[in-house]
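Results of the structural survey
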Amino acid sequence: MAQDIRDIMKDTAVVADLAKTAKDAALLNGVLMRTKEAPNSSELVTYAPFTLFPTPVPKAVFQQALDVQTHYNSLVDKISQNADFLQEALASTVEVDDFTSRLFKIHKQILKEGSSQSVVLGLNRSDYMLDQKEDGSSALKQIEINTISASFGGLSAGIVCVHKHILKVAGRLEDSMAILDNNPAAGLARAIAKAKELYRSVRAVVLILVSDTERNIYDQRCVEMELMKLNIFTIQRTFEDVHARGSLDKEKRLFIDGMEVAVVYYRNGYVPQQYKSQQDWDTRLMLERSSAIKCPDIATHLTGTKKVQQVLAQPGVLERFFPNELQVVEQIRATFAGLYTLDMGLEGDKTVAMALQDPERYVLKPQREGGGNNIYGSEICKVLQEAKGSDRTMYILMDKIKPTPSHNYLLRRDSPLTISNCLSELGVFGAYVRQGTEMVMNEQVGHLLRTKSSVHADGGVAAGVAVLDNPLLY
Ligand code: ADP
Ligand code: MG
């Protein structure tokens with residue numbers, strides 16, 4: 001009889017053998033990343049970190065996450081069009097948070113000038129953890145939604161092949177066949193292609209706005225390859241390149257190096273450090289002003305802030321966006337964790353008191369992306385007690401989700417092969433295209449499972465904490 005995966009994990013000799021095979025399978029299937037030492041070089045690369053085995057995930061909650069995605073797409077899109085809502089939701093944040101404030105300034109400028117493009121392209125990833133309930137079942141709770149540069153839609157396809165292979169080698173044929181096919185990059189590319197088609201210029205290209213150092217380049221390349229399969233040409237440029245050689249014509253069409261740009265796909269520009277000077281901010285403004293289709297446009301970028309997430313969880317807010325769709329409201333709301341305002345005033349004071357009383361129950365989150373920014377445990381008390389004036393409003397407070405841990409081996413270059421107690425986070429990719437008032441595409445295009453050791457409270461794959469994984473549904 002074939003061994004259960006949990007039994008296989010206990011056999012260290014077998015595990016060591018499987019780990020070698022798995023690393024080679026990762027290299028063969030393009031599950032790759034550039035190295036810390038040579039972050040710009042494709043001469044010497046390594047495998048992107050991943051789990052040796054897939055992680056059990058209950059079928060029902062997995063399906064729930066897939067099913068709600070098109071509603072999240074609609075929600076993000078509706079919020080991005082509601083300037084009053086964004087203004088109100090972010091008013092307290094922009095006063096104290098310089099990064100959000102700069103983004104908001106661009107947003108206001110575009111509102112004033114009027115948008116020069118009626119086609120909107122949204123690619124996002126909604127992330128969840130499965131909160132363990134008292135009866136042992138689990139509840140799907142959203143961690144955040146990423147509306148800019150959502151990554152790992154590319155490498156997800158390769159990790160499917162790796163786990164399918166490893167399970168077969170380990171004698172788990174049935175489990176191997178149960179791993180779902182998954183290629184988000186193909187869906188992301190389809191949406192980009194649809195937007196490009198609506199731009200109505202055959203020769204125009206897709207510009208991928210990149211950073212000059214990118215370790216996660218192969219993930220991006222997967223999207224480029226999927227686009228090329230659809231005969232869509234991509235070019236990669238940095239903010240500096242666009243500043244030096246990009247321009248808008250009288251009709252605000254964007255040109256760079258003699259090429260017209262139909263779509264700007266941001267894989268950069270989501271954290272403050274990626275804007276090295278005022279010049280990069282000016283370039284972002286120029287891109288937003290252009291008639292190229294921005295993915296995301298500035299309003300959609302702002303919709304992904306944690307502050308907006310917190311405001312959405314307040315009573316009656318979702319109803320404003322789906323006035324006659326009670327079922328949609330319920331479906332989305334079911335995925336909300338407790339989220340609490342830290343705005344100045346009574347309600348914010350109540351949040352502070354609650355956090356100080358039992359900080360282990362919460363996560364304190366600033367308006368940042370990329371992992372490693374959140375505050376946990378006693379540090380929450382320190383930050384809230386030492387916050388001056390209205391400084392606390394740069395954060396939101398959120399219930400800490402406590403998923404059921406599982407055992408696995410995290411394979412990472414130069415790390416010892418030891419069994420870890422792990423927590424997983426499920427992401428679902430959404431892609432939509434709107435032309436004027438008409439949604440011409442609205443789809444869920446795949447998933448991502450990331451797993452980390454439970455010793456880390458925070459952090460994603462790029463931050464060096466989480467690793468790529470696959471759900472094994474049960
Ligand atoms: P970022 O934009 O930096 O990715 P996230 O909201 O995704 O911010 O938080 C980063 C990480 O912190 C998540 O991947 C998750 O591991 C952990 N985390 C965030 N919010 C919670 C929460 N409410 N409960 C438990 N862990 C959380
Ligand atoms: Mg995240």
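For the structure itself, consult the block above.
I will try to describe carefully the structure that is included in this document. (Residues numbered from 1 in each chain as written. Chains lettered and ligands numbered in written order. Predicted model: local features only at pLDDT ≥ 70, side-chain atom pairs only at ≥ 80, totals over all residues. Heavy atoms only, no water.)

**A word on the side chain of K306**
Tracing the backbone shows K306 in helix α13 (residues 306–312). Those residues in contact with K306, other than ones at most four positions away along the chain, are E144, K365, P366, Q367, R368, E369 and I396. (Helix = DSSP H or I, 4+ residues; strand = E, 2+ residues; numbered from the N terminus. Contact = heavy atoms within 4.5 Å.)

**Some thoughts on the nonpolar core**
Ranked by internal contacts, the top residues of the largest apolar core, which has 65 residues, are F50, L52, F53, L121, L123, I192 and L468. Among residues more than four places away in sequence, those in contact with F50 are A22, K23, A26, I159, V162, Y409, L410, L411, V467 and L468. (Core = buried A, V, L, I, M, F, W, Y, C linked by side-chain atoms within 4.5 Å. Buried < 20%, exposed > 50% of the residue type's maximum accessible area, 1.4 Å probe, protein only.)

**Some points on the layout of surface pockets**
Quantified by volume, the second largest pocket comes out at close to 730 Å³. Taken together, 32 residues line the second largest pocket, and the ones lying closest to its centre are T55, P56, V57, S406 and Y474. If you list the elements that add at least two residues to the lining of the second largest pocket, you get α1 (5–10), β4 (55–57), β5 (119–132), β17 (406–411) and β18 (419–435). Among the elements that make up the lining of the second largest pocket, the one with the highest residue count is β18 (seven residues). Here the lining of the second largest pocket is built from residues that sort into 18 nonpolar, eight polar and six charged. (1 Å grid on protein atoms, 1.4 Å probe; cavity = no way out; pocket = protein on both sides within 12 Å on 5 of 7 lines; lining within 4 Å. Points joined across faces, edges and corners; volume = space filled by probe spheres on them. Nonpolar A, V, L, I, M, F, W, Y, C, P; charged D, E, K, R; others polar.)

**A word on the environment of E360**
Note on placement: E360 falls in the loop between α16 (346–357) and β14 (362–366). Take E360: its relative accessible area is 46%, and that puts it in the partly exposed class. Taking the C-alpha atoms as reference points, E360 and I380, 20 residues apart in sequence, are found 8.9 Å from one another. Beyond its immediate stretch of four places on either side in the chain, E360 contacts G377, S378, K400 and K402.

**Thoughts on the site of ligand 1**
The local shell around ligand 1 holds 22 residues, among which K306, K365, G371, E425 and K452 are the closest. Within the side chain of E369, one N or O atom sits 2.9 Å away from an oxygen atom of ligand 1. The contact in question runs from an oxygen atom of ligand 1 to an N or O atom on the side chain of E425, over 2.5 Å. Of all the elements in the fold, those that place two or more residues in the shell around ligand 1 are β6 (138–146), β14 and β16 (395–399). (Near = heavy atom within 4 Å. Polar contact = N/O pair within 3.5 Å; in protein donor to acceptor, adjacent residues only side chain to side chain.)

**Focus on the sheet that holds strand β13 (residues 339–340)**
With respect to topology, four strands assemble into an open sheet ordered β13-β16-β14-β15, the strand pairing being antiparallel. Because the sheet does not close on itself, it has two edges, and the strands there are β13 and β15 (375–376). α16 contacts β13, β14 and β16 of the sheet and is inclined by roughly 55 degrees relative to β16. (Pairing = 2+ DSSP bridges. Axes fitted to C-alpha atoms, helices over the stretch in contact; angles between N-to-C directions.)

**Topic: helix α15 (residues 326–333)**
Residues V328, V329 and I332 constitute the buried set of α15. The arc that holds the buried residues of α15, viewed along the axis, is 100 degrees, so those residues lie on one side. Those residues of α15 that are exposed and aimed more than 90 degrees away from the buried face are L326 and Q327. Next to the buried residues of α15 lie α3 (59–80) and α14 (317–321). (Arc of directions from axis to C-beta.)

**Quick word on empty space enclosed by the protein**
A full pass over the atoms with the stated rule returns four cavities of 30 Å³ or more. The space that makes up the largest cavity amounts to roughly 120 Å³. What lines the largest cavity is a set of 13 residues, and nearest its centre among them are F99, H301, G304, T305 and E369. Here the residues of the lining of the largest cavity sort into four nonpolar, seven polar and two charged. By volume, the second largest cavity is sized at about 90 Å³.

**Describing unusual backbone geometry**
Going from C295 to P296, the amide bond is cis rather than trans, its omega being 0 degrees. Mapping P296 onto the fold places it in the loop between β12 (293–295) and α12 (298–303). Unlike most non-glycine residues, F152 shows phi in positive territory, near 75 degrees. Its location among the elements puts F152 in the loop between β6 and α6 (155–169). The residue D257 is not glycine, and still its phi comes out positive at about 50 degrees. Looking at the secondary structure, you find D257 in the loop between β10 (254–256) and β11 (259–266).

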